[in-house]
Amino acid sequence: MRHSEYTDFFRQLASQHVDIRHSEEECHFVRLILSSDPLQRIMDAREFYDSLRDRIGPDFSMILISYEADYADNGGDQRIKEYHGSFIILHPVTPGHFDELEQVLDRTEEIGEEIMGAALVRINKDFTLPKKHMTVNGITNERIGPVGEDFHGTKFNFFFTRGANPALHYKQDKFIL
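Each chain carries its own residue numbering, running from 1 in the direction its sequence is written. Totals for whole chains, interfaces and linings use all residues, but because this is a predicted model, local features are given only for residues with pLDDT of at least 70 and pairs of side-chain atoms are given and counted only at 80 or more. Side-chain measures were taken over the full set of non-hydrogen atoms in the model, leaving aside hydrogen atoms and water.

## Things to note about the overall build of the chain
So, point 1. A run of H or I in DSSP becomes a helix once it reaches four residues, and a run of E becomes a strand once it reaches two; helices and strands are each numbered from the N terminus. Scanning the chain from terminus to terminus reveals four helices and six strands.
So, point 2. Starting at the N terminus and walking to the C terminus, you meet the elements of the chain as α-β-α-α-β-β-α-β-β-β.
So, point 3. Think of it in three bands: with a 1.4 Å probe and only protein chains considered, a residue is buried below 20% of the maximum accessible area for its type, exposed above 50%, and partly exposed in between. For the chain, with 177 residues in total, the buried portion stands at 40%.
So, point 4. Whether two residues are in contact is decided by their heavy atoms, any of which lying within 4.5 Å being enough. Taking contacts inside the chain between residues at least 6 apart in sequence as the whole, the part at least 24 apart equals 65%.
So, point 5. For the chain, the exposed surface amounts to about 10,600 Å²; the carbon and sulfur share of it is 52%. Method for areas: the Shrake-Rupley scheme with a 1.4 Å probe, in which residue coverage is limited to the protein chains shown.

Written out as structure tokens, the structure reads:
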């Protein structure tokens with residue numbers, strides 16, 4: 001899985017979910033690529049949050065955060081790539097309305113769980129080789145907000161694995177000897 005496949009996968013989930021309904025006409029899905037440098041990461045996020053209200057609609061929206069990947073092996077012939085990804089489900093909240101905030105936090109958590117449930121089924125039903133695999137054990141969530149001026153929600157972190165033998169196979173024809 002490369003970045004474009006990862007983005008397309010979650011964009012499709014955001015488009016199909018009845019509370020998000022991302023489309024070309026109504027933007028409810030954006031992606032955020034964060035630098036691994038902590039200072040640059042803060043600057044990337046601040047610029048993104050400042051422009052958030054211009055990018056997404058006033059309903060529930062999904063922000064997909066780029067994944068990081070680790071590689072491992074079993075000390076033999078099996079190599080894997082572990083993807084660590086995350087997304088945020090957001091909704092605007094009227095400042096100072098704490099009952100509304102609690103309702104939004106509950107609902108964004110519920111929508112995120114629905115997205116994760118769909119991701120679990122779809123990733124684990126992918127029978128292409130190398131097969132992808134996701135378990136519930138790697139899923140966490142946390143409250144987010146305020147983002148920008150008035151967006152609050154829930155961030156989900158997750159991981160899944162995929163065989164990496166083809167990706168890490170030595171391709172001699174790619175080197176000048």
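What follows continues from the structure just given.
## Observations regarding a nonpolar patch on the surface
So, point 1. Patches here: salt-bridge-free residues with over 30% relative accessible area, like charges joined within 9 Å, nonpolar side chains (Val, Leu, Ile, Met, Phe, Trp, Tyr) joined within 5 Å. We define a salt bridge as a contact between a side-chain nitrogen of Lys or Arg and a carboxyl oxygen of Asp or Glu at a distance within 4 Å. On the surface, Tyr170, Phe175 and Leu177 cluster together into a nonpolar patch covering about 400 Å² of accessible area.
So, point 2. Its location among the elements puts Phe175 in the segment after strand S6 (151-163).

## Regarding the nonpolar core
So, point 1. Within the largest apolar cluster, 25 residues are counted, with the highest numbers of intra-cluster contacts made by Phe10, Ile20, Met62, Phe87, Ile115, Met134 and Phe158.
So, point 2. Put simply, the parts of the chain that give this core at least two residues each are helix H1 (3-16), strand S2 (61-73), strand S3 (79-92), helix H4 (98-124) and S6.
So, point 3. Among the elements that make up this core, the one with the highest residue count is H4 (six residues).
So, point 4. Those residues within four positions of Phe158 in sequence are excluded, and the remaining contacts are Tyr6, Phe10, Tyr83, His84, Gly85, Ser86, Phe87, Met116, Met134, Gly138 and Ile139.
So, point 5. Judged by nonpolar contacts, the second largest core, of nine residues, contains Val30, Leu90, Ile144 and Val147. What we call a nonpolar core is a set of buried Ala, Val, Leu, Ile, Met, Phe, Trp, Tyr and Cys residues that are connected through their side-chain atoms within 4.5 Å.

## Quick look at the confidence of the model for the chain
So, point 1. pLDDT: the predictor's confidence for each residue, scored from 0 to 100. Looking at the chain as a whole, the pLDDT averages 84, with 84% of positions reaching at least 70.
So, point 2. Here helix H2 (residues 38-50) stands out as the element of the chain with the lowest mean pLDDT, 52, in contrast to H4, whose mean of 94 is the highest.

## A few points about the side chain of Ser61
So, point 1. Structurally, the position occupied by Ser61 is in strand S2.
So, point 2. Whenever two N or O atoms come within 3.5 Å, that pair is a polar contact, provided that in protein one can donate a hydrogen and the other can accept it, and provided that, for residues adjacent in sequence, both atoms are side-chain atoms. In terms of polar contacts, Ser61 uses its side chain to reach the side chain of His28, at 3.4 Å.

## Describing the environment of Val136
So, point 1. Turning to its location among the elements, Val136 is positioned in the loop between strand S4 (132-134) and strand S5 (140-147).
So, point 2. Using a relative accessible area of 56% as the deciding quantity, one classes Val136 as exposed.
So, point 3. Remark: the alpha-carbon pair of Val136 and Gly117, spanning 19 residues in sequence, is separated by 9.0 Å.

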